[in-house]
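Below are the chains, spelled out letter by letter.
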Amino acid sequence: MTQEAVTWSKMRTFAAVAHAGSIRVAAAQLHVTEPAVSTAVASIERQLRAKLTARSGRGIILTEAGHVYAEYCRQILGLLDESAIAVRRSGLVQLRVGAVETASEYVVPALLAHFHALHPEVRLSMTVQPRDDLFASIAHHELDVVFGGRPPQGSGLAVRAVRSNRLIVVSAPGWDRSPAESPWLLRGPGTGTLDTTLLLFEQLQITPHTLTLGSTGAVLAAARAGLGLTLVHEDAAADDIAASRLVQVHVRRTPIKRPWHLVTGSTPTAAATLFISACASDELGMEAFQHRRRTAQD
């Protein structure tokens, strides 16, 4: 094995250890022995003349130097994977899509189907993560496009297209309790919808009883069952409202505009460029995105 190949292998090993926080778990994920993982990490530490890990209980933690090196490993390995995809012949081109949970269920499937009909040679994959994890993944070249909210200022990410979307309050038909007296059904930590709901409570100056259910599907099911009010994306509640299983509740300061953003890195891949064009196609009608060339700093 060449020295260069050993270097990539060690970097992948260290990245796995950094992510797992455990030599044992990293070894299982990489299908190698624990001593092999420990040897690779020790070798990197000798080459860098820096301590990258420290023991913590049954696992390990990264030192400050370890955190710095892990970031570089993640970015370099992401670029390596991206470059491999870029040079493959057209029949093996891959599009790596990332989406927040609600978009993955109610927005992205129709767009993927439309894109696949136009470009069946492109292999598709979708990753569902919280928004902050998605933005980190695309910044590290681990994804080609991301669907979610607006990327953070200073991230260097680019908003390529936008589609209108609103957050609305819904309940089962016949709900007659005020927002302050109603139980509210919440999404899990790390979601933009949860953050917006909590901000709405502050604006309304209410402290209602809450029930955290995690997924959008669970929140909607609980609302249909009459457990309380919830703030959700209009796209997610549309079918239930049309079938009269849910109704929109008029609450002050709602609806809230929260457009869907289609985000790439500063230089989109060829597959991402094709996908952006497909998402902005007139054939999609109301589902179509509108082209927009802006970076997160704008």
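Rules of the game
The written sequence of each chain sets the order in which its residues are numbered from 1. The predicted origin of the model limits local features to residues at a pLDDT of at least 70 and limits the giving and counting of side-chain atom pairs to 80 or more, whereas totals for whole chains, interfaces and linings rest on all residues. In computing side-chain values, all of the structure's heavy atoms are included and hydrogens and water are not. Numbered from the N terminus, helices here are DSSP runs of H or I no shorter than four residues, and strands are runs of E no shorter than two. Buried means the residue's accessible area, taken with a 1.4 Å probe over protein chains only, is under 20% of the maximum for its type, while exposed means over 50%, and partly exposed covers the values in between. The contact definition used throughout considers only heavy atoms, calling two residues in contact when any of these lie within 4.5 Å. Surface accessibility follows the Shrake-Rupley procedure with a 1.4 Å probe radius. Residue values consider only the protein chains on display as shielding. Residues scored as charged are limited to Lys and Arg (positive) and Asp and Glu (negative), so that His and the chain ends carry no count. One atom stands in for each charge, and that atom is NZ of Lys, CZ of Arg, CG of Asp or CD of Glu. By convention a nonpolar core is built from buried Ala, Val, Leu, Ile, Met, Phe, Trp, Tyr and Cys residues, the set being connected through side-chain atoms within 4.5 Å. The rule is simple: put a 1 Å grid over the protein atoms alone, call a set of points where a 1.4 Å probe fits but cannot get out a cavity, call an open set with protein on both sides within 12 Å along at least five of seven lines a pocket, and count a residue as lining if it has an atom within 4 Å of a point. Grid points are joined across faces, edges and corners, and a volume is the space filled by probe spheres set on the points. Under the convention adopted here, Pro, Cys and the residues Ala, Val, Leu, Ile, Met, Phe, Trp and Tyr are nonpolar, Asp, Glu, Lys and Arg are charged, and Gly plus all remaining residues are polar. Two rings from Phe, Tyr or Trp (for Trp, the six-membered ring) form a pair when their centres are within 6.5 Å of each other. A pair whose planes differ by under 30 degrees is stacked, one over 60 is edge-to-face, and the rest are tilted. The directions considered for the arc run from the helix axis to the C-beta atoms. The predictor reports its confidence for every residue as pLDDT, a score running from 0 up to 100. For patch detection, residues must exceed 30% relative accessible area and be free of salt bridges, and they are connected within 9 Å for like charges or within 5 Å for nonpolar side chains (Val, Leu, Ile, Met, Phe, Trp, Tyr). The term salt bridge refers to a pairing of a side-chain nitrogen on Lys or Arg with a carboxyl oxygen on Asp or Glu at a separation within 4 Å. Residue count minus one, scaled by 1.5 Å, sets the expected span of a helix.

Asks: Describe the overall build of the protein chain, naming the residues involved and giving the relevant values.
Replies: The number of helices and strands found in the protein chain is eleven helices and 14 strands. Across its three principal axes, the protein chain shows a C-alpha extent of roughly 70 × 50 × 35 Å. Split into buried and exposed, the 298 residues of the protein chain put 44% on the buried side. In the protein chain, of all internal contacts separated by at least 6 residues, the share reaching a separation of at least 24 is 75%. Taken as a whole, the protein chain presents about 15,500 Å² of accessible surface, with 54% of it coming from carbon and sulfur. Distance between charge centres in the protein chain, computed from 29 positive and 26 negative side chains, equals 5 Å.

Asks: I'd like a rundown of the nonpolar core, residues and numbers included.
Replies: Counting 35 residues, the largest nonpolar core has Leu95, Ala103, Leu111, Phe147, Leu262, Phe275 and Phe289 as its most contacted members. Mapped onto this core, the elements with two or more residues apiece are β3 (94-99), α6 (108-118), α7 (131-139), β5 (145-148), β6 (158-163), β13 (260-264) and α11 (270-279). Residue contributions to this core peak at six residues, all from α11. Discounting chain neighbours no more than four positions away, the residues touching Ala103 are Val108, Pro109, Phe147 and Trp260.

Asks: A description of empty space enclosed by the protein should follow, citing residues and the corresponding values.
Replies: Counted according to the given criterion, the structure contains one cavity of 30 Å³ or more. Around the largest cavity sit Thr102, Arg187, Thr193, Thr216, Val219, Leu231, Val232 and His233, which together line it. Of all the secondary structure elements, the ones that give two or more residues to the lining of the largest cavity are α9 (216-224) and β10 (230-233). Across the lining of the largest cavity, the residue classes tally to three nonpolar, four polar and one charged.

Asks: How would you summarise the packing of aromatic side chains if you had to cite specific residues and measurements?
Replies: If you walk through the whole model with that rule in mind, you get five aromatic pairs. An angle of 70° between the planes, with centres 5.5 Å apart, marks the rings of Phe147 and Phe289 as edge-to-face. In this pair, Phe147 sits in strand β5 while Phe289 sits in the loop between α11 and β14 (290-295), placing the two residues 142 residues apart along the sequence. Phe289 matches Phe147 in its accessibility class, with the two residues each being buried. Every member of this aromatic cluster is reached through a ring pair, and the members are Phe115, Phe147, Phe275 and Phe289.

Asks: Residues and numbers for α9, please.
Replies: Of the residues making up α9, those classed as buried are Thr216, Val219, Leu220, Ala222 and Ala223. For α9, the angular spread of buried residues about the axis comes to 160°, placing them on one side. Structurally, α9 contributes buried residues whose contacts are with α5 (101-106), β7 (166-171), β8 (184-187), β9 (210-214), β10 and α10 (234-242).

Asks: Tell me about the environment of Asp132, and please be specific about residues and values.
Replies: In this fold, Asp132 is placed in helix α7. For the pair Asp132 and Pro152, spaced 20 residues apart in sequence, the C-alpha to C-alpha distance is 8.9 Å.

Asks: I'd like a description of the confidence of the model for the protein chain, backed by residues and values.
Replies: Averaged over all residues, the pLDDT of the protein chain equals 88, while 92% of them reach at least 70. Counted against residues more than four places away or in other chains, residues 1-6, with its pLDDT under 50, gives two contacts.

Asks: Explain a nonpolar patch on the surface to me, and be specific about the residues and the numbers.
Replies: Together, Val68, Tyr72 and Ile76 line one region of the surface with nonpolar side chains, adding up to about 280 Å² of accessible area. With respect to the element layout, Val68 can be found in helix α4 (residues 64-87).

Asks: Which residues make up helix α3 (residues 34-48), and what values do they have?
Replies: Along its 15 residues, α3 runs 21 Å from first to last C-alpha, staying within 8% of the 21 Å computed at 1.5 Å per residue. Taken together, the buried positions of α3 are Val37, Ala40, Val41, Ser43, Ile44 and Glu45. The first or second residue beyond α3 is Arg49, which carries a positive phi of 55°.

Asks: I'd like a description of the pattern of salt bridges, backed by residues and values.
Replies: Applying the stated criterion to the full structure yields eleven salt bridges. Between Asp132 and Arg131 there is a salt bridge whose closest N-O contact spans 3.9 Å. Arg131 sits in the partly exposed class, given a relative accessible area of 30%. The partner of Asp235 in a salt bridge is Arg163, and the shortest N-O contact between them spans 3.1 Å. Residue Asp235 is located in helix α10, and its partner Arg163 is located in strand β6; the two are separated by 72 residues in the primary sequence. A residue is classified by how much of its surface remains accessible, and Asp235, at 21% relative accessible area, is partly exposed. On the basis of relative accessible area, Arg163 is assigned to the buried category, the value being 6%. Connected through salt bridges with shared partners, the residues Arg131, Asp132 and Asp195 form a single ionic network.

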